[in-house]
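Summary of structural features
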Amino acid sequence: MAKHAVLSSGAKMWRCLPCAKSELRLDLTLACGQSFRWRETADGHWTGVMGGRVWTLTQTEDTLWYHVYKNQECPGEEGDKIGIAAVSPQVENKTEKRFKGMLKKEEDEEEPVTAVHGSVEETEMLRDYFQLNVKLEDLYKKWGDADPHFRHIADIFTGVRMLRQEPTECLFSFICTSNNHISRIQGMVERLCQALGTPLCQLDQTAHHNFPSLSVLADNGIEARLRDLGFGYRARFLQQSAKQILDTHGPQWLDSLRTVPYVEARDALRTLPGVGTKVADCVCLMSLDKSEAVPIDTHVWQIAKRDYAFASGKGQKSITDKLHRDIGDFFRKLWGPYAGWAQSVLFCADLKKFQKLKEMPSAKHLQKEENDKAEIRIVGKKAKIKEEDNKPVKIMKTKSARHKK
């Protein structure tokens, strides 16, 4: 049986691309409630499904490492039914050639494996998923210049960036978020994929599945099955939304919303059962390229009131459409066209699971302390040298001089 890959066990099966931690931190980005498909399978190693493939990701200070598992261990898949752990590098390369037809001539085995880059397709999938074309450090500086509170948070929570998820997976995952919390949503999405998704591969007795298609979700018998899986009233929303999309708009409709203005996309999503303004904004921001979308829930409302003295809606117990719009406009005016990205940093920083990071000194503070200590040492050495230079020189008297005296 194949096992989850670990970088320390050997880099032969790993590929990499340049990416500093200031541009992407996996531990924050993959665990802050954007996507619910990633699990930390080893220290600093994250395994999940993206683009119909199973990946394990990890990183060093300036490099993003990834391993892509071949879908060979599940019935119905083409190619050899061989466990990845038992596949030699030579056989693996031949299999990859059959599947992709994209690899160049095999590299000399003596070349350093740590310098190997992945196929163009895999690299582009990662760049697209993490939107690495967006320079996050520049955005952090811009937000920090406009917002002192953000500047304080940014020193600790660097590298939180927005994912660009597949729209169907993003929409139906967020329909499950109603009156829910992250760990429970993860369990629901996992059960949904195991019950209805196409099997991809099995690692350490854990089966990984693709996200179910719209046609599967729209089936009339799905609602009862999802209720048996613990989805409650959300089961009806999942089935009805999938059916409405296929019957009214067609299978490519969600992807087409990437090309329309933000407000139009948001209002179109709100016509679906179980999709309110907050869910629509999440889908717009996290899969439809609407970087100005700012999802507002009670959590974000509390941030606005506590940290920004936002007074609108005072006395209200729930978030109305007007309040949602007012808070969103406030942050859009403060942070600019990537306001949704900035909001995700504050949202991440406020999650209970990450509060310990605030008690730890940030890398910048540690570096500043080291620089200060180094400067003190240099100044001390200079002062000591100067002190020695200013000391009076004692002249030793000769024996004859002492005798004369």
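Residues numbered from 1 in each chain as written. Predicted model: local features only at pLDDT ≥ 70, side-chain atom pairs only at ≥ 80, totals over all residues. Heavy atoms only, no water.

**Some words on the overall build of the protein chain**
Definition in use: Helical segments are the DSSP runs of H or I of at least four residues, strand segments are the runs of E of at least two, and each set is numbered from the N terminus. Partly exposed describes any residue whose relative accessible area lies between the buried limit of under 20% and the exposed limit of over 50%, with all areas from a 1.4 Å probe on protein chains only and scaled to the type maximum. Here a residue-residue contact requires only that any non-hydrogen atoms of the pair lie within 4.5 Å. All accessibility values rest on the Shrake-Rupley procedure with a 1.4 Å probe; residue burial counts only the protein chains present in the view.
Counting its regular elements, the protein chain contains 19 helices and seven strands. Across the 405 residues that make up the protein chain, the buried fraction comes to 46%. Contacts in the protein chain between residues at least 24 apart in sequence constitute 66% of all its contacts with a sequence separation of at least 6. Only carbon and sulfur atoms are counted for the fraction: they give 53% of the accessible area of the protein chain, which is about 21,600 Å².

**Some remarks on the side chain of Ser 344**
As for its placement among the helices and strands, Ser 344 is situated in helix 16 (residues 339-350). The exposure class of Ser 344 is buried, given its relative accessible area of 6%. Here Ser 344 is in contact with Val 160 and Met 162, once residues within four sequence places are set aside.

**A short note on the nonpolar core**
Let me state the cut-off plainly: The nonpolar core is taken to be a set of buried Ala, Val, Leu, Ile, Met, Phe, Trp, Tyr and Cys residues, with the residues joined through side-chain atoms within 4.5 Å.
Phe 130, Phe 157, Phe 172 and Leu 269 are the most contacted members of the largest nonpolar core, which has 100 residues in total. With sequence-adjacent residues up to four places away left out, Phe 130 is seen in contact with Leu 24, Leu 26, Thr 29, Leu 30, Leu 57, Leu 64, Arg 161, Met 162 and Leu 163. With 11 residues, the next largest nonpolar core counts Ala 2, Val 54, Trp 65 and Leu 203 among its residues.

**Quick word on the pairing of strand 6 (residues 199-203)**
Let me state the cut-off plainly: Strand pairing is defined by DSSP finding a minimum of two bridges between the two strands.
Relative to strand 7 (residues 206-209), strand 6 runs antiparallel, the two being bridged by four bridges. Paired with Gln 202 across the bridge in strand 7 is Ala 207. Here strand 6 hands over to strand 7 after two residues, with Asp 204 in that stretch at a positive phi of 50°.

**Quick look at the confidence of the model for the protein chain**
Put simply, the rule reads: What pLDDT reports is the predictor's confidence in each residue, on a scale of 0 through 100.
When pLDDT is averaged along the protein chain, the result is 83; 77% of the residues meet or exceed 70. A low-confidence stretch, residues 73-116 (pLDDT under 50), is modelled with 60 contacts involving residues beyond four sequence positions or located in other chains. The model gives residues 395-402 a pLDDT under 50, and that stretch makes two contacts with residues more than four places away or in other chains.

**Things to note about the packing of helix 6 (residues 167-175) against helix 10 (residues 234-249)**
Packed helices, taken two at a time, are described by their axes: the angle between them and the distance between them. Test applied: Angles here are taken between N-to-C directions and fall from 0 to 180 degrees, while the axes themselves are lines fitted to C-alpha atoms, restricted in helices to the stretch in contact. Between 65 and 115 degrees an angle is taken as roughly perpendicular, under 35 as roughly parallel, over 145 as roughly antiparallel, and anywhere else as oblique. In this scheme, a crossing is called left-handed if the near helix is turned counterclockwise away from the far one by less than a right angle; it is called right-handed if the turn is clockwise. Gly falls in the polar group here, along with every residue not listed as nonpolar (Ala, Val, Leu, Ile, Met, Phe, Trp, Tyr, Cys, Pro) or charged (Asp, Glu, Lys, Arg).
At a minimum axis distance of 9 Å, the contact between helix 6 and helix 10 shows a crossing angle of 150°. In terms of orientation, helix 6 lies roughly antiparallel with respect to helix 10. Classified by chirality, the crossing of helix 10 by helix 6 is right-handed. Contact residues: Leu 171, Phe 172 and Ile 175 in helix 6; Arg 234, Phe 237, Leu 238, Ser 241, Ala 242 and Ile 245 in helix 10. Classifying every residue of the contact of helix 6 with helix 10 by side-chain character gives seven nonpolar, one polar and one charged.

**Examining the pattern of salt bridges**
What counts is decided by this rule: Any Lys or Arg side-chain nitrogen located within 4 Å of an Asp or Glu carboxyl oxygen qualifies as a salt bridge.
Scanning all chains against the criterion turns up 18 salt bridges. Across the salt bridge formed by Glu 223 and Arg 227, the nearest N and O atoms sit 3.3 Å from each other. Remark: Arg 227 and Glu 223 occur in helix 9 (residues 222-228); sequence separation between them is four residues, near one turn of the helix. The class for Glu 223 is partly exposed, based on a relative accessible area of 23%. The structure contains a network of salt bridges with shared partners spanning Glu 23, Lys 135 and Arg 161.

**Thoughts on the sheet that holds strand 3 (residues 45-50)**
Spatial strand order, 1-5-4-3-2: five strands in an open sheet with antiparallel pairing. Two strands in the sheet have a free side with no partner beyond their single neighbour: strand 1 (15-18) and strand 2 (39-42). On average, each strand axis in the sheet is inclined to that of its neighbour by 35°, with strand direction left out of account. Inspection of the sheet shows strand 1 paired to strand 5 (residues 63-69) by four bridges, in the antiparallel sense. The residue of strand 5 that forms the bridge with Pro 18 is Thr 63. Helix 3 (residues 120-129) rests against strand 1, strand 3, strand 4 (53-60) and strand 5 of the sheet, and its axis sits at about 75° to strand 4.

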